[in-house]
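# Breakdown of the fold
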Amino acid sequence: MANIREVAKRAGVSVATVSRVLNNSDLVSEETRERVLKAIKELNYHPNLLGRNLRRLKTKMVLALMPNVSNPFYARVVKGIEDVAHKNGYNVMLCNTDSDPEREKAYLDLLKNKLADGVILMASVMGKDELTLLAKNYSVVQCCEYIEGAGASYVSIDNFSAAYKAVNHLINLGHRRIALITCKNDFISTRQRETGYRKALEDANIEFDENLIKYGDYSFKSGMRATRQLLSLEERPTAIFAISDIMAIGAIKALKEEGFKVPEDVAVVGFDDISFASMYDPSLTTVSQPKYDLGCIAMEVLLKHIEGELEDPQRIFLEYELVIRESTVKY
């Protein structure tokens, strides 16, 4: 017995188009409709009505998996997800994974057991092949973080060029001893931001010094600890680039406690532009991600997957902005 994919192939259209014809959608041209109907007749295709009806049943629930619900960066992302979801009659279940594969798997079981229609992954820890298989069978979109080479849609920014621009700003201010506070993980943002940092130094003919790289865990206290390690160096840095605002604010706190002025003694740049970045003293120079838009567009893409309007993974990069404030330039 012929299946819907064979009909689509014979008619030279997508499976989604065949589905629209079967559902009498107005979005199909008359010429295309006739071509599909002809293919259905030639192949003697009979749709499985029971299967179609079961597939039409929707929970109107989507999952939003994030690594740390307390991280203020995700607040605006989630607001974007929820606004688009509610506008389209969907509810959002927020799931805190703590980057634990077992917790992530437990939440994804809700999707596999048809208790949710789709999932937005904000920092998945699964492997490339596992994610590709998941996206092949379910509606999946990655937001902010994504796994390179996986067959799943994602919405993000160019972390490499953003980090390059941030470090280049410090170089243009005359800094040569520029430290990096990063994290030990395999997130795409971490790797690309470090690569952008290194490339900016290389292009400015500044020799890379591994002693100027220190590690935190995205927390305020880890930013303080990493900064104190940098200040203990025989030749301390004159500038610090942290891959998150929270660690950057921790860096400023440690500098002030140790008697250093920001930016006169040490300049600091962060990443994300969380709400605290503009409130802190001094206000933080940072890369501003379009957090709300990231959430909105991720949800819009997910809805298209749920409705069968997308067959191929979407790869979307949004614009970012380097926001210069008092932590690098004294007004």
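Figured I'd write up the structure that's included with this text.

About the thresholds
- Residues numbered from 1 in each chain as written.
- Predicted model: local features only at pLDDT ≥ 70, side-chain atom pairs only at ≥ 80, totals over all residues.
- Heavy atoms only, no water.
- Pairing = 2+ DSSP bridges.
- Helix = DSSP H or I, 4+ residues; strand = E, 2+ residues; numbered from the N terminus.
- Axes fitted to C-alpha atoms, helices over the stretch in contact; angles between N-to-C directions.
- Contact = heavy atoms within 4.5 Å.
- Buried < 20%, exposed > 50% of the residue type's maximum accessible area, 1.4 Å probe, protein only.
- Arc of directions from axis to C-beta.
- Polar contact = N/O pair within 3.5 Å; in protein donor to acceptor, adjacent residues only side chain to side chain.

### Observations regarding the sheet that holds strand β12 (residues 321-323)
An order of β7-β6-β8-β9-β10-β12 is seen for the 6 strands of this open sheet, with the pairing classed as mixed. The open sheet has two edge strands with one neighbour each: β7 (213-216) and β12. Across the sheet, the mean angle separating the axes of adjacent strands is 20° when strand polarity is ignored. As defined by bridge partners, strand β6 (residues 178-183) adjoins strand β8 (residues 239-242) across 4 bridges and the pair is classed as parallel. Residue pairing for β8: alanine 179 is matched across the bridge by isoleucine 240. Each of β6, β7, β8, β9 (267-272) and β10 (285-288) touches helix α11 (residues 245-257); the most contacted strand, β9, lies at about 160° to it.

### What to know about helix α1 (residues 4-11)
Among the residues making up α1, those that are buried are Val7, Ala8 and Ala11. Angular distribution of buried residues about the axis of α1 spans 100°; they occupy a single face of the element. Projecting away from the buried face of α1 at angles above 90 degrees are the exposed residues Arg5 and Lys9. Its buried side turned inward, α1 meets α2 (15-22) and α3 (30-43). With a side-chain oxygen positioned 3.1 Å from the backbone nitrogen of arginine 5, the residue opening α1 is asparagine 3. Within two residues after α1, glycine 12 carries a phi angle of roughly 70°, on the positive side.

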